[in-house]
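Read off the chains here:
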Amino acid sequence: MSRSVTVSRDNEIAVVTIDNPPVNALSHHVREPLYAALTELAADDTVRGIVLACAGRTFVAGADITEFGKPMQKPDLNGIVALLETIAKPTAAAIHGTALGGGLELALGCHFRIADRTARLGLPEVKLGLLPGGGGTVRLPRLVGPAKALRMIVTGTPVPAAEALADGLVDAIAEGDLTGSAVAFLRGKLAEGVRPIPVRERNDKLGEDPAAFERAAADLARKARGLEAPLACAESVRNAVSLPFDQALAAEHALFRKLVAGDQSKAQRHLFFAEREAAKVVGIGKDVKAGDVARVGIIGAGTMGGGIAMAFANAGIPVTLLETDDAALARGTGMIGKNYAASVARGSLDEATAARRLALISGTTDYAALADADLIVEAAFEDMAVKRDIFARLDQVAKAGAVLATNTSYLDVNAIAAASARPEAVLGMHFFSPANVMKLLEIVRAEKTSPEALATALSVAKRIGKIPVVVGVCHGFVGNRMLTARSSENEALLMEGALPAEIDRAFTDFGWPMGPFQMYDLAGLDIGWRNRKARGETAALADALCEAGRFGQKTGKGWYAYADGGRTPTPDPDVEALIGREAAARGIARRTISAEEIIERTHLPLVNEGARILEEGIAQRASDIDIVWVNGYGFPVGKGGPMFWAGLEGWQKVRERLAYWHERTGRDAFRPSPWLSGRE
Ligand code: 3H9
């Protein structure tokens, strides 16, 4: 017997236990002994039933993702599931924690599934750019019907045990001892004396509601945005309905092999590991203890402060929200109330939960009310003097050991920390708007930030469901600094011949949810205009639009026109004429600009700035930059983030194209960073 798979006996029932920490992934060293154990038990006449269970915190959470891209060593998962299905004695999976991907597929090879009340079951392969390749797309529809299976497989979202029971995916929910319940369940089946039917033979649900299936599949095709996996998932579930079992299984296998070898899945697998890597911080070992955050103070109840307050309240953490006067406080809390009410109206939140969350947020105009906060997040006006004043005041009220965070987007966190008598407690927590929705959190480590303060910020970030990335101090940190670099070419491209709609189209074809000009119109052009004026900068075209009162969607006109207060952008001849006039005034002869040139001139500066950030040690690793861009700015997941994309394009090509554009434009954005040299 191996260490990863053990067999015990409860009289006539054998219990096979997989033990492969941390998540019982189906690595080769699990598959091999599992196959051997099942073969032996199948032939053992003293065994009348088999329970498949897992040690540790979860049932099998999937195939071992680290094995993808390497030659598959036999036995593979399909071989194990096929073997399970030939076993005539009843088999049951005893599921606790999460049965995900290959884990659920393994359980689908059993006749029965018994789940713990808190278990969750799902096929999340799509998030790795894959489809379930162990028979999941062919067996799941046989239990829950094609429309439900499609939803589960294409969203990748696991369902709770109770829902799985209602759908027929699990056969019973265990109260108390899970393995014992599964053993007792099998004894009950043996007593009934009926031949257990493998999932592959259960066809009665396959014909359910074909119209609902087709509607859902069409909707998916629209939303796939260039990603191959969701479409392959839909194709495979359709095969399950229309083809004989073995043909559908073979087709699933072929699709899986194609996807696993493709760049999109490589990119998404890279992001899976990158996200976990980002949480590991140089200098913060397991010995550094994170402080407990039982209460949070937030300074400023504007859009950001309100959103941050909701992010904490949503995770059950009480918040004290501070404003300068009662009117501002009432406006802020009123907005939070409206946001919760909107979620209830949309049906995404129930009234009781909304009320509970709202009740966790209390308002004050008195700094003394922040005295019991373990973490204080300043989200006041973006002005150094204002922020320094706040941090000096916090010295008087914040309790010893409290972490003091600033939500600044650009300002120097070292300078803010210097205003505090306890700079070791100060760091940046840069949330992205809307802060209650966006997953990314840049945690800014200043010169004097203590490991404990950083560990506390990281731990609370996870508690509130954020993806934290630790960054160093510089103007705009990782995300906004790179965004500035990316934006630098937009105006030049317009002047030289591109139109906003052409640039946006190149971006959406690349996989972005929207292009930069649609984004500007959505966010409001006046913000950038005010910032430029404050810094004495100009942007001829954007400034001209603002001077004409075109602030974007909110004024019905911006880079595009929006009919009747709608949100659909329509190219506007006035904007085209403006661009033509400004170009002519500068003696620029406009020309046709290809989508390829648009992507190069906007994305290469992004990669180059990322390289400079790495050169300066502002980010710990290239994959952290990818996490920032995918989760904070919508960089297409199928390209894995800007640095991974650069690797896919080839570093040599990146260097050459940067040098080419540097020579043509003379602009610093294209001067290749030394970090890029020698990368293969
Ligand atoms: C699949 O099954 C394909 C099949 O259809 C077909 C096959 C032919 N493999 O997330 P955590 C590591 S595709 C290898 O921090 P949590 C992870 O990197 C798979 N390693 O824990 C981390 O390592 P480290 C479908 C894995 O408690 C450590 O385990 N399944 C795998 O927050 C702890 O992970 C999925 O996509 C894996 N499958 O969350 C599920 N999973 O400590 C993927 C985890 O060195 N997994 N690791 O950084 C998850 O969603 C979460 O890990 C889970 C636990 C929810 C299970």
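Here the structure is a predicted model, which is why all the values come from computation and not from measurement.

Asker: Mind laying out the overall build of the protein, listing which residues take part and the relevant values?
Answerer: A count of helices and strands for the protein gives 28 helices and 19 strands. For the protein, the C-alpha atoms occupy an extent of roughly 90 × 60 × 55 Å along the three principal directions. Taking all 680 residues of the protein together, the buried fraction comes to 54%. Excluding contacts between residues fewer than 6 apart, the proportion of contacts in the protein whose partners are at least 24 apart in sequence is 72%. For the protein, the accessible area works out to roughly 28900 Å², and carbon and sulfur atoms hold 54% of it. Distance between charge centres in the protein, computed from 78 positive and 82 negative side chains, equals 1 Å.

Asker: Run through the sheet that holds strand β8 (residues 159–160), naming residues and quoting values.
Answerer: Taken in spatial order, the three strands of this open sheet run β5-β7-β8, and their pairing is mixed. Edge positions in the sheet fall to β5 (98–100) and β8, since each of these pairs with one other strand and no more. With two bridges connecting them, strand β7 (residues 120–122) and β8 associate as antiparallel partners. Bridging from a neighbouring strand, R120 pairs with P160 of β8.

Asker: Requested: an account of the packing of aromatic side chains, with residues and values cited.
Answerer: With the rule as written, the count across this model stands at 17 aromatic pairs. The interplanar angle of 85 degrees and the centroid separation of 5.9 Å between the aromatic rings of F510 and F635 together place this pair among those described as edge-to-face. Of this pair, F510 sits in helix α20 (residues 500–510) while F635 sits in the loop between α26 (622–633) and α27 (642–649), and the two are 125 residues apart along the sequence. For the residue pair F510 and F635, the accessibility class agrees, reading buried in each case.

Asker: Talk me through the sheet that holds strand β1 (residues 5–10); I want residue IDs and the actual numbers.
Answerer: Read from one edge of the open sheet, six strands run β1-β2-β3-β4-β6-β9, paired in mixed fashion. Two strands lie at the open edges of the sheet, namely β1 and β9 (172–174), each paired on one side alone. Going from strand to strand, the sheet's axes swing by 25 degrees on average, the running direction of each strand aside. Here three bridges tie strand β6 (residues 112–116) to β9, and the two strands are oriented parallel to one another. Within the sheet, the bridge partner assigned to A115 lies in β9 and is I173. Docked against the sheet, helix α1 (residues 28–43) engages β1, β2 (13–18) and β3 (49–54), running at close to 30 degrees with respect to β1. In the packing of helix α7 (residues 178–192) onto the sheet, the strands contacted are β1, β2, β3, β4 (91–95), β6 and β9, and the crossing angle to β6 comes to about 150 degrees.

Asker: Explain the pairing of strand β10 (residues 296–299) to me, using residue names and the numbers behind them.
Answerer: Consecutive side chains along a regular strand alternate between the two faces of the sheet. Neither face of β10 is exposed, since V296 and I298 on one face and G297 and I299 on the opposite face are all buried. Pairing geometry for β10 and strand β13 (residues 375–378), over four bridges, is parallel. Each bridged residue has a counterpart across the sheet, and for V296 the counterpart in β13 is L375. This β-α-β element, β10 to helix α12 (residues 303–314) to strand β11 (residues 319–322), shows right-handed connectivity.

Asker: Would you mind going over helix α17 (residues 451–463) in detail, with residue names and values included?
Answerer: Given 3.6 residues to a turn, an α-helix orients residues that are three or four positions apart in the same direction. When the terminal C-alpha atoms of α17 are compared, their 18 Å separation across 13 residues agrees well with the 18 Å that a helix rising 1.5 Å per residue should span. Turning to α17, its buried residues number three or more, namely A453, L454, A455, T456, A457, L458, V460 and A461. In the segment just after α17, G465 is the residue with positive phi, at about 75 degrees.

Asker: Account for the layout of surface pockets, naming residues and giving values.
Answerer: Estimated volume of the second largest pocket: approximately 370 Å³. Forming the boundary of the second largest pocket are 17 residues, of which A301, G302, T303, G332 and M335 lie nearest the centre. The dominant element in the lining of the second largest pocket, judged by the number of residues it contributes, is helix α13 (residues 326–346), at six residues.

Asker: Give a detailed account of the site of the ligand, specifying residues and quantitative values.
Answerer: In the vicinity of the ligand, 26 residues are found, and the nearest of them are R57, G102, E105, E125 and R276. At 2.9 Å, a backbone N or O of I65 approaches a nitrogen atom of the ligand. The backbone of G133 places a nitrogen or oxygen atom 3.0 Å from an oxygen atom of the ligand. Look at the ligand: alone it shows 1000 Å² of surface, and the protein chains cover 73% of it. Every element with two or more residues in the shell around the ligand is listed here: β5, α3 (102–108) and α11 (263–278). Here the shell around the ligand gets three residues from one element, more than from any other, and that element is α11.

Asker: Account for the environment of E382, naming residues and giving values.
Answerer: Looking at the element boundaries, E382 is found in the loop between β13 and α15 (384–397). Counting along the chain gives 25 residues from E382 to N407, while the straight-line C-alpha distance between them is 9.0 Å. Setting aside anything within four residues of it in sequence, one finds E382 in contact with K387, T408, S409, Y410 and L411. Within polar-contact distance, the side chain of E382 engages the side chain of K387 at 3.4 Å. For E382, the side chain forms a polar contact with the side chain of T408, separated by 2.8 Å.

Asker: Can you explain the pairing of β1? Please cite residues and give values.
Answerer: One ladder, built from six bridges, connects β1 with β2; its direction is antiparallel. Within the sheet, the bridge partner assigned to V5 lies in β2 and is I18.

Asker: Which residues make up the environment of A61, and what are the values?
Answerer: When you line up the elements, A61 lands in the loop between β3 and α2 (77–86). Here A61 falls in the partly exposed class, since its relative accessible area comes to 25%. Between the C-alpha atom of A61 and that of G476, which follows or precedes it by 415 residues, the distance is 38 Å. With sequence-adjacent residues up to four places away left out, A61 is seen in contact with V23, N24, T98 and L100.

Asker: Describe the environment of W559, with residues and values.
Answerer: By the element assignment, W559 lies in the loop between α23 (540–547) and β18 (560–562). Residue W559 is classed as buried on the basis of its relative accessible area of 4%. Here the alpha-carbon distance between W559 and A548, two residues 11 residues apart in the chain, equals 12 Å. Leaving out residues up to four positions away in the same chain, W559 has contacts with L494, P500, F517, Y520, D521, L525, L541, A542, L545 and V575.

The rules behind these values
- The numbers attached to residues start from 1 for each chain and follow its sequence in the written order.
- It should be noted that, the model being predicted, local features are given only for residues of pLDDT at least 70 and side-chain atom pairs only at 80 or more, the latter also being counted only at that level, while totals for whole chains, interfaces and linings use all residues.
- Where side-chain values are given, they derive from all heavy atoms of the structure, hydrogens and water being excluded.
- Helix numbers and strand numbers start at the N terminus; a helix is a DSSP run of H or I with at least 4 residues, a strand a run of E with at least 2.
- Working definition: with a 1.4 Å probe on protein chains only, accessible area under 20% of the residue-type maximum means buried, over 50% means exposed, and in between means partly exposed.
- When checking whether two residues touch, look at their non-hydrogen atoms; a contact exists if any pair is within 4.5 Å.
- Computed with the Shrake-Rupley method and a 1.4 Å probe, the accessible areas treat only the protein chains shown as cover for residues.
- When charges are counted, Lys and Arg are positive and Asp and Glu negative, with His and the chain ends excluded.
- Every charge is mapped onto a representative atom, which is NZ of Lys, CZ of Arg, CG of Asp or CD of Glu.
- Whether two strands pair depends on DSSP finding at least two bridges between them.
- Side-chain rings of Phe, Tyr and Trp (the six-membered ring for Trp) are treated as a pair once their centres are within 6.5 Å; stacked means planes under 30 degrees apart, edge-to-face means over 60, and tilted covers the remaining angles.
- Lines are fitted to the C-alpha atoms to define the axes, a helix being fitted only along its stretch in contact, and any angle between axes, read from their N-to-C directions, falls within 0 to 180 degrees.
- Every crossover in which the path from the first strand over the helix to the second runs clockwise, viewed with the strands pointing away from the viewer, is termed right-handed.
- A helix is expected to span 1.5 Å multiplied by its residue count minus one.
- Throughout, the protein atoms alone are placed on a 1 Å grid, and a set of points is a cavity if a 1.4 Å probe fits but cannot get out or a pocket if it is open with protein on both sides within 12 Å along at least five of seven lines; lining residues have an atom within 4 Å of a point.
- Grid points are joined across faces, edges and corners, and a volume is the space filled by probe spheres set on the points.
- Proximity is defined per residue: if any heavy atom of the residue lies within 4 Å of a molecule or strand, that residue is considered near it.
- By the criterion applied in these results, polar contacts are pairs of N or O atoms within 3.5 Å in which, for protein atoms, one can donate a hydrogen and the other can accept it, and in which residues neighboring in sequence qualify only through two side-chain atoms.

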